[in-house]
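Coordinate analysis (summary)
Residue strings, one per chain:
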Amino acid sequence: MIVWIISRTRQNEANKRAEIMLKAIEAGMPVDADLLKPRKKAPESIKQNLLGKLNGACVTSLMGVAFLALGIIRSVKPEFDTGMTFDSWLFPAGGILLAVGIGLFITYFAGKKMLAKEIEAEEKKLEQ
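None of the values given here were measured: they were computed from a predicted structure.

1. Regarding helix 1 (residues 2–26)
Residue pairs spaced three or four apart in an α-helix point in one direction, given the helix's 3.6 residues per turn. The end-to-end C-alpha distance of helix 1, which contains 25 residues, comes to 36 Å, matching closely the 36 Å that a straight helix rising 1.5 Å per residue would cover. Listing the buried residues of helix 1 in full gives Arg17, Met21 and Ala24. Downstream of helix 1 by one or two residues, Gly28 has phi in the positive range, about 85°.

Put into structure tokens, the structure is as follows:
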């Protein structure tokens, strides 16, 4: 589904650019050929990549802790019925999400330590 949404979005962008080009040609205005080329994203910097890992680590860890807490509450107080159909999956899902979050925290801090010189060089390059 995600792949379909992304491809549909790109197709809509291309159609809009083509429509704008056709209207410009009909109006007799000069057209820049670079408008037909797909736009490329700027490559992520090392710092942006690390911040993405930190963001993912925070989200997955908090979701894991929340699932585990909900599982513990459900096992201690069975009358706390949330009406959820996936009650048996709370502990495994919480454990998996927490493990992924911890792994992302480890890669963030290891990457930050290992790539400190590269990050500093990248920041100096941006300042100039």
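Let's pick the thread back up.
2. Examining the packing of helix 2 (residues 46–76) against helix 3 (residues 90–114)
The N-to-C vectors of helix 2 and helix 3 enclose an angle of 155°; their axes lie 7 Å apart at closest approach. Taken as axis vectors, helix 2 and helix 3 run roughly antiparallel relative to one another. Like other packed secondary-structure pairs, helix 2 and helix 3 cross with a definite hand, here left-handed. Here the contact of helix 2 with helix 3 is built from residues that sort into 20 nonpolar, eleven polar and three charged.

3. Description of a nonpolar patch on the surface
A contiguous nonpolar patch, built from Met1, Trp4 and Ile5 and spanning about 400 Å² of accessible area, is present on the exposed surface. Secondary-structure assignment places Met1 in the segment before helix 1. You can call Met1 exposed: its relative accessible area is 73%.

4. Some remarks on the confidence of the model for the chain
Detailed conclusions should not be drawn from predicted coordinates in areas where pLDDT is low. Confidence in the prediction of the chain, expressed as mean pLDDT, is 87, and 93% of residues score 70 or more. The lowest-confidence element of the chain is helix 1, averaging 87 in pLDDT; the highest-confidence one is helix 3, averaging 95.

5. Side note on the side chain of Thr60
Note that Thr60 resides in helix 2. Within the local environment of Thr60, its side chain forms a polar contact with the backbone nitrogen of Gly101, the two atoms lying 3.4 Å apart. Leave out the neighbours within four places in its chain, and Thr60 touches Leu97, Leu98, Val100, Gly101 and Leu104.

Definitions and cut-offs
Residues numbered from 1 in each chain as written. Predicted model: local features only at pLDDT ≥ 70, side-chain atom pairs only at ≥ 80, totals over all residues. Heavy atoms only, no water. Helix = DSSP H or I, 4+ residues; strand = E, 2+ residues; numbered from the N terminus. Expected span 1.5 Å × (residues − 1). Buried < 20%, exposed > 50% of the residue type's maximum accessible area, 1.4 Å probe, protein only. Axes fitted to C-alpha atoms, helices over the stretch in contact; angles between N-to-C directions. Parallel < 35°, antiparallel > 145°, perpendicular 65-115°, else oblique. Left-handed = near helix turned anticlockwise from the far one by under 90°. Nonpolar A, V, L, I, M, F, W, Y, C, P; charged D, E, K, R; others polar. Patch = residues over 30% accessible without salt bridge, like charges linked within 9 Å, V, L, I, M, F, W, Y side chains within 5 Å. Areas by Shrake-Rupley, 256 points an atom, 1.4 Å probe, with all protein chains shown as cover. Salt bridge = Lys/Arg side-chain N within 4 Å of Asp/Glu carboxyl O. pLDDT = per-residue confidence, 0-100. Polar contact = N/O pair within 3.5 Å; in protein donor to acceptor, adjacent residues only side chain to side chain. Contact = heavy atoms within 4.5 Å.

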